[in-house]
Every structure is written in structure tokens, then in C-alpha cells.
Amino acid sequence: MPATPSNLRLILRGITRRCAVCGQRGLTDRFLRLREQCPQCGYVFERKAGHFVGAVGMNTIFTFALIAIALVAGILLMWPDVTFIPLAAVTVGIATAVPVLFHPIAKTLWVGIDLIIHPLEPGEAFVEPGEAFVETEEGAAQQG
Ligand SMILES: [Zn+2]
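Residues numbered from 1 in each chain as written. Predicted model: local features only at pLDDT ≥ 70, side-chain atom pairs only at ≥ 80, totals over all residues.

1. A look at the packing of helix α1 (residues 7-15) against helix α3 (residues 84-117)
In step 1: At a closest axis distance of 7 Å, the pairing of α1 and α3 adopts a crossing angle of 165 degrees. Accordingly, the angle class assigned to the pair α1 and α3 is roughly antiparallel. For the element pair α1 and α3, the recorded crossing hand is right-handed. For the pair formed by α1 and α3, the contact residues are Asn-7, Leu-10, Ile-11, Arg-13, Gly-14 and Ile-15 on the first element and Ile-105, Thr-108, Leu-109, Val-111, Gly-112, Ile-113, Leu-115 and Ile-116 on the second.
In step 2: Within the contact of α1 with α3, the residues separate by chemical class into nine nonpolar, four polar and one charged. (Axes fitted to C-alpha atoms, helices over the stretch in contact; angles between N-to-C directions. Helix = DSSP H or I, 4+ residues; strand = E, 2+ residues; numbered from the N terminus. Parallel < 35°, antiparallel > 145°, perpendicular 65-115°, else oblique. Left-handed = near helix turned anticlockwise from the far one by under 90°. Contact = placed C-beta atoms within 7 Å. Nonpolar A, V, L, I, M, F, W, Y, C, P; charged D, E, K, R; others polar.)

Below, the structure written as C-alpha cells:
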């Protein structure tokens with residue numbers, strides 16, 4: 001019997017916008033909208049109301065970290081003639097673009113992190129806990 005996906009695999013699947021349970025790709029209808037459940041294994045991503053608050057939190061932390069890095073790097077690069085306008089332009093650009101671009105990754109990553117904290121329970125997907133799907137080279141998943 002194949003092993004349950006490791007914590008590292010759950011994280012990697014989340015970062016690459018794949019289903020944490022089976023590795024299926026194509027989980028977004030459009031760029032920003034995560035499907036309600038995995039088309040391959042049937043896992044419902046939002047386990048309970050408010051489930052994705054963690055994804056919003058991760059997105060916020062990631063965005064603020066990038067802003068802080070950009071500010072420090074900008075100040076160091078311009079030192080001693082630090083000017084406000086370029087710093088403001090870069091940080092406003094980050095604050096505007098990153099939350100949108102990172103949103104789908106934050107959601108699938110949060111699904112993986114949540115599965116580390118609260119493992120898959122019987123009936124949550126077409127695969128039982130302790131089983132895993134084997135990923136094919138095309139990225140589709142087949143039960144192994
Ligand atoms: Zn799946």
C-alpha cells in the first residue's frame with residue numbers, strides 16, 4: 001500500500017497549485033478561483049466555513065515580507081541619497097500585485113498545510129487515509 005503523502009509532498013503540491021491529496025493539476029476555473037473540490041479525487045478544499053482565513057493570513061505575511069525586503073534593499077542600494085518616490089512606487093506595486101498573484105498558490109498551499117495539521121479523514125476523498133494516488137508523467141493521477 002502506498003504511503004500517505006509526506007509533509008514535504010503536501011507543501012510542494014500546494015506551492016505548485018496541485019491537489020494536496022492526489023497531485024491533480026488544473027484546480028482553478030480561472031486564474032484566481034479555486035474549484036470547490038478536486039476533479040480527480042473529490043476532496044473538498046474548503047473543509048469548513050472560514051477555512052481559507054489561513055490562506056489570507058499567509059498571503060498577507062508573504063506580501064509584507066516582500067515589502068520589507070524591498071524597502072531594506074532599496075534603502076541600501078540608494079544610500080546615502082535615499083528618495084521616497086522610487087521606494088513608494090516599488091512597495092505600492094508589490095502591495096498591489098503580489099496579493100493577487102499569490103492568491104491561488106496561497107489557497108492550495110493552505111490546503112496542504114491544513115492536511116498536515118488535520119490529516120485526511122475517511123470519506124473526505126475517493127482515496128482513503130493511508131492510500132495515495134500515484135502521479136503519472138502527465139500530472140494526472142491514478143490510484144496506485
Ligand atoms: Zn485530488
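2. Things to note about the environment of Val-72
In step 1: Within the secondary structure, Val-72 is located in helix α2 (residues 53-78).
In step 2: Under the C-beta neighbour-count criterion, Val-72 is labelled exposed, with 10 such atoms within 10 Å.
In step 3: Taking C-alpha positions, Val-72 is 9.6 Å from Leu-87, a pair spaced 15 residues apart along the chain. (Buried ≥ 20, exposed ≤ 12 C-beta atoms within 10 Å, placed from the backbone.)

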